[in-house]
Amino acid sequence: MNLNQLADALIPDENVKPLQYYEEKYPLRPLEKGAQVTRLAPSPTGFMHLGNLYVALANERLAHQSGGVLYLRIEDTDQKRKVEGAVKVIQSSLKYFGIDFDEGAEICGEYGPYYQQQRAEVYHAYAKELIRQGLAYPCFCTEEEMGKTREYQSENKLLPGYYGEFAKCRSLSEEQIYENLKAGKPYVIRLKSQGDVNVKHTFHDEIKGDITVTENNQDVVILKSDGIPTYHFAHAIDDHFVRTTMVIRGEEWLASLPIHIELFKVLGFRLPKYGHNCSIQKIDEEDGARRKLSKRKDPEASLVFYREQGYHPLAVKTYLMTLLNSNFEEWKLKFPDKPIDEFKYSISKMGKSGALFDLSKLNDVSKDVLGTLTAEEMFDFMQEWAKTYGTDAQRAYFTDREYLLKILTLCMGIGSKKRRKDFITAKQAVEMLHYFFETPTSRVYRQDGDTVKAILEGFAATYSAADDNSVWFNKVKAVAEGLNFAVDMKAYKANPENYRGNVSDVAEVIRIAVTGLANTPDLCTIMQILGEQSAKERLLSTVQSL
RNA sequence: GGCCCCUUGGUCAAGCGGUUAAGACACCACCCUUUCACGGUGGUAUCAUGGGUUCGAGUCCCGUAGGGGUCACCA
C-alpha cells in the first residue's frame, strides 16, 4: 500500500509543511530550570464553573511562582457547543478573579494561534505523518455499525469500543479505501493502537501520586469527519508545541490518560507532567448524596453567582486557596498582611479527595477580606456591584460620597481598636445599610407594646444629637432605671428575677426603632449621622403604630 | 458491569509505625464590653469496616462496604 499517497488522499491540506517546520516555528522555551509552563484550556460554552477557577488558580500559581508561563488556549473543536461571546466571558471572569495570562487567545504570544480551530494545519501535518507510518487509518464505519458492535460487546460482556477484531476498518485493503473515497463516504481518521489492555504501568501523577494506568488499546478517533481533531489529538499536539511542561486538569481526564500517553509516544513527543485534581462537591438537597457541583442544579457552581452576590474576588480566591493547599490557612493566620502570592503553593499538598463546598467558610473568609479594606475601597467595591446588580434606590446611596464614607467608617470599625466584621458581600452590605437612607418599614420587638412605647417616648423626650457617647448612654440608663430594667449588669446577673430585663434590652428597643435591626454598630453614632430630627421621628413613628 | 481514584469530627483537614490524634469554619458556654460588634478562653465532636504484619497501626498488606470518575466523530 502506498501510504504517502493515501495520506494525501485522506487529508488534502495544501498548507501542511514538513514536520521540521513546526519544531522550528515553536522552539523550546528559554526558561530557567524548574520553570513551569501551564495552561488553561476551556471550551467556549459560555459557562464558567467554580471548578474552572479552581484549576486556573493552581495553574497560575505553578507557572508564576516558578518563573514560568501561564497561557490561555481555547478548545473550540466542537462547533455544536460553541457559544457566541463565550471567549469574552472566559476572559472577563478570570480577570475579575485575578488570573493573569502571559499569553494566549486574544492576548499575544509566539506560540499561537491559541484557538484550536485555527491550528488545523499542524494537526493535519501530524495526522498525515501517522498515516504514512501506518499508525493511523481511515474508518468508514457508520453509526449503525458502531451501535451493533457495541450491542454485541455488551451482550457478551466484552470491553466496549473500537479495537482489535472490532476495528473493521483496520484491515481495509487499498482498493476498498479508494472505492469508499470515490463513493464519497464520510470517514474519520483513527489511531492504530499498539497498546495492550492487559499491560499496566505505574504512572506518577503530581496530585494523586503513583497510580496504575492500563495501556490504551482503543483505536480512538484523532480527526473527525470534518477534519477537525478530537480533544485527545489536539491536546497532544498543542501541549507539545506550546511547550507545556505541566498539565493540571480535572480528574475526569484521568480515564483518558492512557490515550494521551500513547498519542505522545506515537507522535514522538515528550510527555508533560500531569496532575489530576478532584472536583468540588456538595451534598444534594434532595437525596442527601455527595456529588459534583452541578452547573444545572447549583447556582454557586457558576462564577457569575459570586459576582451577583457581590463576593470580593480576593475572598473567593482566598477560599479556593484554602481548599487547594490546606496549610495555606495557617500561613495566612501567621502572615495576615502578606499578599496571597507570597504563599509557597505546593502541588503535592493538594487533597486527593473531592472537597465539599462550604458557603459558611467562604463567608467567614469574606468577612476577613472586607475587614482589610479602607472605607474608600469598600465604597468603590460596593458601587461597582450596585452599578450592575443594585436597584435604582441602592445606586442612589452613592451620590453623597462623604455621607456614605462616614457610614462605612462606622460600620467597618475603622479607627477603633478592632475592626468590625459585619460585611460579607457587597450585596449584603448595601442591603444592610438601607436604614441610613430609608426609614425601616418593619420592626419586630421582643418587648411588649406598652414597654416599647414607654422606652421610646421616654428616650425621645431627652435625646439630643449634641450628646456625646457617655451622655447618650446615661440617658438610656435613666430610661432603663425608670422602667425597672437593670443598669448594673453584675447586679442583674446576680438576681435577674428582680428586673424586667437590663439596659441591653432597652438599647435593643431603641436600636430596632431607629434601624429596624437588632444588630448594628454603635447606636449613638448612627443617630448622630441620621441627625436629630430624623432620629426622633423614627423613635416616635413606631410609637404611633403600637 | 469493566477499569481507575478516594475514605480522619457536621465541613476543610494535619498526620507519613509510638502524638493527650494539630489547626480553621460552624455550634455551645464563659470572659471582656455603658448598647451592637470585634476580641479572648474553654467545650462538644473524627481515624468506614473485617482480617492480618508488628512489642506497638489512623499510618504498612489483604478483603469488604460506601462514595466519586470514566467507558463519544464532547471537551
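Residues numbered from 1 in each chain as written. Chains lettered and ligands numbered in written order. Predicted model: local features only at pLDDT ≥ 70, side-chain atom pairs only at ≥ 80, totals over all residues. Heavy atoms only, no water.

Draft legend 1. Up close: the domain arrangement of chain A. The domain boundaries assigned to chain A delineate domain 1 (3-15 + 120-277), domain 2 (282-349 + 357-370), domain 3 (375-436) and domain 4 (449-545). Look at where the C-alpha atoms of domain 1 and domain 4 centre, and you get two points 76 Å apart. (Domains from an automatic or database assignment.)

Draft legend 2. Just the packing of helix H5 (residues 120-132) against helix H8 (residues 231-241), in detail. Packing of H5 against H8 leaves a shortest axis separation of 10 Å and a crossing angle of 110°. Considering their axes alone, H5 and H8 lie roughly perpendicular with respect to each other. Note on packing geometry: the crossing formed by H5 with H8 is right-handed. Within the contact between the two elements, H5 uses Val122, Tyr123, Tyr126, Ala127 and Leu130 and H8 uses Phe233, Ala234, Ile237, Asp238 and Phe241. Tallied by class, the residues present in the contact of H5 with H8 amount to nine nonpolar, no polar and one charged. (Axes fitted to C-alpha atoms, helices over the stretch in contact; angles between N-to-C directions. Helix = DSSP H or I, 4+ residues; strand = E, 2+ residues; numbered from the N terminus. Parallel < 35°, antiparallel > 145°, perpendicular 65-115°, else oblique. Left-handed = near helix turned anticlockwise from the far one by under 90°. Contact = heavy atoms within 4.5 Å. Nonpolar A, V, L, I, M, F, W, Y, C, P; charged D, E, K, R; others polar.)

Draft legend 3. The arrangement of the packing of helix H3 (residues 50-65) against helix H11 (residues 313-324) in detail. Two numbers describe how H3 lies on H11: the axes approach to 10 Å, and their chain directions differ by 70°. As the angle between them shows, H3 and H11 are arranged roughly perpendicular. Residues Leu50, Leu53, Tyr54, Leu57 and Ala58 of H3 form the contact with H11, whose participating residues are Val316, Lys317, Leu320, Met321, Leu323 and Leu324. For the contact of H3 with H11, the residue count by class is 10 nonpolar, no polar and one charged.

Draft legend 4. Quick look at the nonpolar core. Among the nonpolar cores identified, the biggest contains 102 residues, and Leu94, Tyr126, Phe233, Ile237, Tyr306 and Leu320 are the most heavily contacted of them. Considering every element that reaches this core, the biggest residue donor is H3, with nine residues. Once residues within four sequence positions are removed from consideration, Tyr126 is found in contact with Leu19, Tyr22, Glu23, Phe233, Ile237, Phe241, Leu267 and Phe269. Of all hydrophobic cores here, the second largest spans 54 residues; its members include Leu370, Phe379, Phe381 and Ile529. (Core = buried A, V, L, I, M, F, W, Y, C linked by side-chain atoms within 4.5 Å. Buried < 20%, exposed > 50% of the residue type's maximum accessible area, 1.4 Å probe, protein only.)

Draft legend 5. The arrangement of the packing of aromatic side chains in detail. Within the structure shown, the criterion is met by 32 aromatic pairs. An angle of 50° between the planes, with centres 5.6 Å apart, marks the rings of Phe140 and Tyr187 as tilted. With Phe140 in the loop between strand S4 (136-139) and helix H6 (143-155) and Tyr187 in the loop between helix H7 (174-182) and strand S5 (188-191), the pair connects residues that are 47 residues apart, well separated along the chain. Connected via pairs of aromatic rings, a cluster forms that spans Tyr21, Tyr22, Tyr26, Tyr111, Tyr126, Phe241, Phe264 and Phe269. Above the plane of the ring of Tyr162 lies Arg190, whose end atom (NZ or CZ) is 3.8 Å from the centre. Here the guanidinium or amino end of Arg307 rests over the ring plane of Tyr96, the centre of that ring lying 4.4 Å away. (Phe/Tyr/Trp six-rings, centres within 6.5 Å; stacked < 30°, edge-to-face > 60°. Lys NZ or Arg CZ within 6 Å of the ring centre and 35° of its normal.)

Draft legend 6. Just the sheet that holds S4, in detail. Strand order across the open sheet formed by three strands is S4-S5-S8, with antiparallel pairing between neighbours. Each having just a single partner strand, S4 and strand S8 (221-223) make up the two edges of the open sheet. Here the average twist between neighbouring strands, direction ignored, is 45°. Strand direction decides the pairing type here: S5 and S8, joined by two bridges, are antiparallel. Its bridge partner lying in S8, Ile189 is registered against Leu223. Contacting S4, S5 and S8, H5 crosses the sheet at an angle of about 125° to S8. (Pairing = 2+ DSSP bridges.)

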